[in-house]
Amino acid sequence: MIRSLKKLIYTFSSGKTVLIFFVLSTIIYFLMILITIPNVSGFANGMKILDMMPEGYDDQYVNTLFSELGENGRHAYLYYQIPLDLIFPALFGVGFCLLFAFFLKKLNQITSPFFYFSLLPLIAGISDYIENIGIITMINQYPNYSSETVAITSTFSFLKSSTTTIYFIALIFVLIAFGVQYVKSKRSEAVLG
């Protein structure tokens, strides 16, 4: 199964495909960061919404947040922020998975164990979807949501942020390796030319 997945990822990790996913995910990301998240946070008197809490949260925080949001804020969260956040995880997960694979191909490292880092955005995307399902459930059940729903949702918020952080650290190393290889190849060309 991993072999088939690896083949599929490397097949689609072309520059054009990576660029399309990168542009689309960046557009959605900036719409959320610049418009929908500030809009929802405005109802909460500056409290962070659950999507923006990488360390997770507890029942008390969720209750205070939803109370501060009020009916209009919860509505904005559910119908403005969440719909965009149902598009973003797929674009991010696939796009950044392919981006990592693209640079591994450029480095001639397609059989490298570093390939597994390319799966982290997919894990982050799935975690984001589970987080969103939890948030939708809690908003719809407010104020009668369960502590278990909060705990599960918080766990996936943490998993989303931790896998994303690990991924970007790995990506920085791959980009540095690519940069070093590029400089070396240009120097070789200059010497031979």
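Model, not experiment: these values are computed from the prediction. (Residues numbered from 1 in each chain as written. Predicted model: local features only at pLDDT ≥ 70, side-chain atom pairs only at ≥ 80, totals over all residues. Heavy atoms only, no water.)

## Remarks on the overall build of the chain
- Looking only at helices and strands, the chain has six helices and zero strands in total.
- For the chain, the α and β elements follow one another from N to C terminus as α-α-α-α-α-α.
- Along the three orthogonal principal directions, the C-alpha set of the chain runs to about 70 × 35 × 25 Å.
- The buried share of the chain, taken over its 193 residues, is 41%.
- For the chain, the exposed area adds up to about 10,800 Å²; of that, 69% sits on carbon and sulfur atoms.
- Each charge class in the chain can be summarised by its mean position, and for the 12 positive and 11 negative side chains these summaries are 26 Å apart. (Helix = DSSP H or I, 4+ residues; strand = E, 2+ residues; numbered from the N terminus. Buried < 20%, exposed > 50% of the residue type's maximum accessible area, 1.4 Å probe, protein only. Areas by Shrake-Rupley, 256 points an atom, 1.4 Å probe, with all protein chains shown as cover. Lys, Arg positive; Asp, Glu negative; His and termini not counted. Charge placed at Lys NZ, Arg CZ, Asp CG, Glu CD.)

## Considerations on the packing of aromatic side chains
- Across all of its chains, the model carries 19 aromatic pairs by this definition.
- Ring centres of tyrosine 29 and phenylalanine 30 lie 5.6 Å apart, and the angle between their planes is 75°; on these two criteria the pair is classed as edge-to-face.
- Members of the aromatic cluster, each reached through a chain of ring pairs, are Phe22, Tyr29, Phe30, Phe88, Phe92, Phe96, Phe100, Phe114, Phe117, Tyr167 and Phe168. (Phe/Tyr/Trp six-rings, centres within 6.5 Å; stacked < 30°, edge-to-face > 60°.)

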